[in-house]
Amino acid sequence: MTQAVAERRTDFGPPQYERFLPPAIKKNYGKWKYHEILKPGVMVHHAESGDKLFTVRAASGRLLSIDKIRLYCDLADKYCDGYFRFTSRHNVEFLTDKSENIEPLIADLKKLGHPVGGIGNAISAIVHTQGWIHCHSAATDASGIVQSVMDDLIGRFEQRELPGKLRIALACCLNMCGAVHCSDIAILGIHRRPPKLDHANLKKLCEIPSASASCPTAAIRPATVNGLPSVEVIEEKCMFCANCFTVCPAMKMNNPLNDGVSIWVGGKVSNARVEPMFSKLAIPYLPNNPPRWPEVTEAVRNLVDLWAKNARKYERMGEWINRISWPKFFKMAGIQFQKEHIDDFRHAGLTFKRSTHLTF
Ligand code: SF4
Ligand code: SF4
């Protein structure tokens, strides 16, 4: 145990991560030489000491029942001395130093309905947010769309036939608890109308100064309406972000007719070849169409197929588009340029530090 851990006087915060590392990782911490992908969903890390650590990656839902987590724990106990982890994109990974455990583990995962794959030049599981199941400001669902898109693309998860890595994310509003700003394809729920004000109840449900201060574009100001203290919204300034609804339930955002989904492309987190990139708007609006979201599923499949057919080896979606130019990408994808594509924050974006490369 490190000195810092030994000196902890409270139990605030998460437990120290060292307690959960598999012994092979603890022993070889910072001393790994390289890794190899053995087959779809299976890789091995080689340490300087000669130790090997095998990883089996499987698709997992993001919203998990306790029963499902217990099943994962049983598999980890059976094959991996009790160790498994979740990746930042919600894949579940089982870690073992015994190569003979790989095939029986894969067979058990498949029996439970968990495809194995997502490593290297493949689609990884889709990171997503709460959606209608939990969050009040959601403009679309999360789990439902992700299930439909992954059902459609599952062959791309189980094989390694894509030009490069493919990372898809979903956030159900533009506050984006998901990684939509930095994914090859991002599915983003959007509101398209300003909040509807319940003036009769606003003073009872909300604090007017907090509601006014919640707006990032200063579109809300105190006002007296029908003799009652309330607020007004300058609609031209509203970007439909739903921040106000978060602090004031009398400023309703959800709108079954106008809420829907936009598709963004070209983001990445990795520093490989070029620095990380932000996603940019491709398709401004698709309707909410549960339970299988055919419009979203088809749009994502078309983008994946187009990139798979035209990109060079290892070229991520954004790198490919930058090489061929955005106008050409729009043409190839059959996307009409609309007013929503005009990027008024363009120069702000260029000033953000996106790279871990430091210059002095
Ligand atoms: Fe809620 Fe928006 Fe986060 Fe979705 S992305 S969980 S709607 S804050
Ligand atoms: Fe302001 Fe966002 Fe509310 Fe519009 S939705 S009024 S931009 S806080």
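Rules used in this analysis
- Residues numbered from 1 in each chain as written.
- Chains lettered and ligands numbered in written order.
- Predicted model: local features only at pLDDT ≥ 70, side-chain atom pairs only at ≥ 80, totals over all residues.
- Heavy atoms only, no water.
- Near = heavy atom within 4 Å.
- Nonpolar A, V, L, I, M, F, W, Y, C, P; charged D, E, K, R; others polar.
- Helix = DSSP H or I, 4+ residues; strand = E, 2+ residues; numbered from the N terminus.
- Buried < 20%, exposed > 50% of the residue type's maximum accessible area, 1.4 Å probe, protein only.
- Pairing = 2+ DSSP bridges.
- Axes fitted to C-alpha atoms, helices over the stretch in contact; angles between N-to-C directions.
- Contact = heavy atoms within 4.5 Å.
- Disulfide = S-S within 2.5 Å.
- Phe/Tyr/Trp six-rings, centres within 6.5 Å; stacked < 30°, edge-to-face > 60°.
- Lys NZ or Arg CZ within 6 Å of the ring centre and 35° of its normal.
- Bend = angle between axes of the 7 residues up to and from the residue.
- Salt bridge = Lys/Arg side-chain N within 4 Å of Asp/Glu carboxyl O.

Draft legend 1. Seen up close, the site of ligand 2. Around ligand 2, the surrounding shell consists of C215, P216, T217, I220, C238, M239, F240, C241, A242, N243, C244 and M253. Looking at side-chain class alone, the shell around ligand 2 contains ten nonpolar, two polar and no charged residues.

Draft legend 2. Main features of unusual backbone geometry. The peptide bond linking P290 to P291 adopts the cis configuration, its omega dihedral lying at 10°. Secondary-structure assignment places P291 in the loop between β14 (280–287) and α9 (294–310). Phi is positive for D81, which is not a glycine, with a value near 50°. Along the chain, D81 falls in the loop between α3 (66–79) and β4 (84–86). The class of D81 is exposed, set by a relative accessible area of 53%. Despite not being glycine, A242 shows a phi value in the positive range, around 75°.

Draft legend 3. Up close: the sheet that holds strand β5 (residues 91–96). One open sheet holds the five strands; their spatial order is β1-β2-β3-β5-β4, and the pairing between them is antiparallel. Each of the sheet's edge strands pairs with one partner strand only, and the pair in question is β1 (32–39) and β4. The average undirected angle you get between the axes of adjacent strands in this sheet is 25°. Bridge analysis of β4 against β5 gives three bridges, and the strand direction is antiparallel. Considered in β5, the bridge of F84 is made with F94. Its contacts with the sheet place helix α4 (residues 102–111) against β1, β2 (42–47), β3 (52–59) and β5, and it is angled at close to 10° to β3.

Draft legend 4. Representation of the state of the cysteines within the structure. This structure, assessed with the given rule, holds one disulfide. Disulfide partner of C206: C248, at an S-S distance of 2.1 Å. The disulfide joining C206 to C248 has a torsion of about 70° about its S-S bond and is therefore right-handed. Here C248 lies in the loop between α8 (243–247) and β12 (251–252) and C206 lies in the loop between α6 (199–205) and α7 (208–213), a separation of 42 residues in the sequence. Here C206 matches C248 in class, with each residue buried.

Draft legend 5. Up close: the packing of aromatic side chains. Under the defined criterion, the tally for this structure stands at ten aromatic pairs. For the pair W132 and W293, a centre-to-centre distance of 5.9 Å together with 40° between the ring planes defines the contact as tilted. Remark: W293 occurs in the loop between β14 and α9 and W132 occurs in the loop between β6 (127–128) and α5 (143–158); sequence separation between them is 161 residues. Overall, the relative accessible area of 43% leaves W132 in the partly exposed class. On the basis of an interplanar angle of 85° and a centroid distance of 5.9 Å, the ring pair of W320 and F329 is categorised as edge-to-face. In this pair, the class of W320 matches that of F329, namely buried. Here the aromatic cluster, defined as three or more aromatic residues joined through ring pairs, consists of W320, W326, F329, F330 and F337. A cation sits over an aromatic face here: R192 above Y285, 3.4 Å from the ring centre.

Draft legend 6. Spotlight on the site of ligand 1. Surveying the vicinity of ligand 1 reveals the residues T129, Q130, C135, S137, A138, C172, C173, M176 and C177. In the shell around ligand 1, the residues fall into six nonpolar, three polar and no charged.

Draft legend 7. The sheet that holds strand β7 (residues 168–171), seen in detail. The five strands lie next to each other as β6-β7-β8-β13-β14, forming an open sheet whose pairing is mixed. The two strands at the open ends of the sheet, each matched to only one other strand, are β6 and β14. Examined bridge by bridge, strand β8 (residues 185–190) and strand β13 (residues 260–265) share six bridges and lie antiparallel to one another. Counterpart to I187 in the pairing with β13 is I263. Against the sheet, helix α11 (residues 326–333) makes contact with β13 and β14, and its axis sits at roughly 30° relative to β14, the strand it touches most.

Draft legend 8. The arrangement of α5 in detail. Largest kink in α5: about 60°, centred on D152. Burial in α5 covers these residues: G144, I145, V146, S148, V149, M150, L153 and F157.

Draft legend 9. Here's a closer look at the pattern of salt bridges. In the structure shown here, the tally under the stated rule is 16 salt bridges. One salt bridge connects D184 with R316, and the closest N-O pair in it is separated by 2.9 Å. Of this pair, D184 sits in the loop between β7 and β8 while R316 sits in the loop between α9 and α10 (317–324); the two residues are 132 residues apart in sequence, bridging distant segments of the chain. With a relative accessible area of 0%, D184 lands in the buried category. Residue classification places R316 among the buried positions, given a relative accessible area of 6%. Measuring nitrogen to oxygen at the nearest pair gives 2.7 Å for the salt bridge that ties E315 to R323. R323 gets classed as partly exposed once you look at its relative accessible area, which sits at 36%. Through salt bridges with shared partners, a single ionic network connects R57, R85 and E93.

Distances and angles like these do not, on their own, reveal function.
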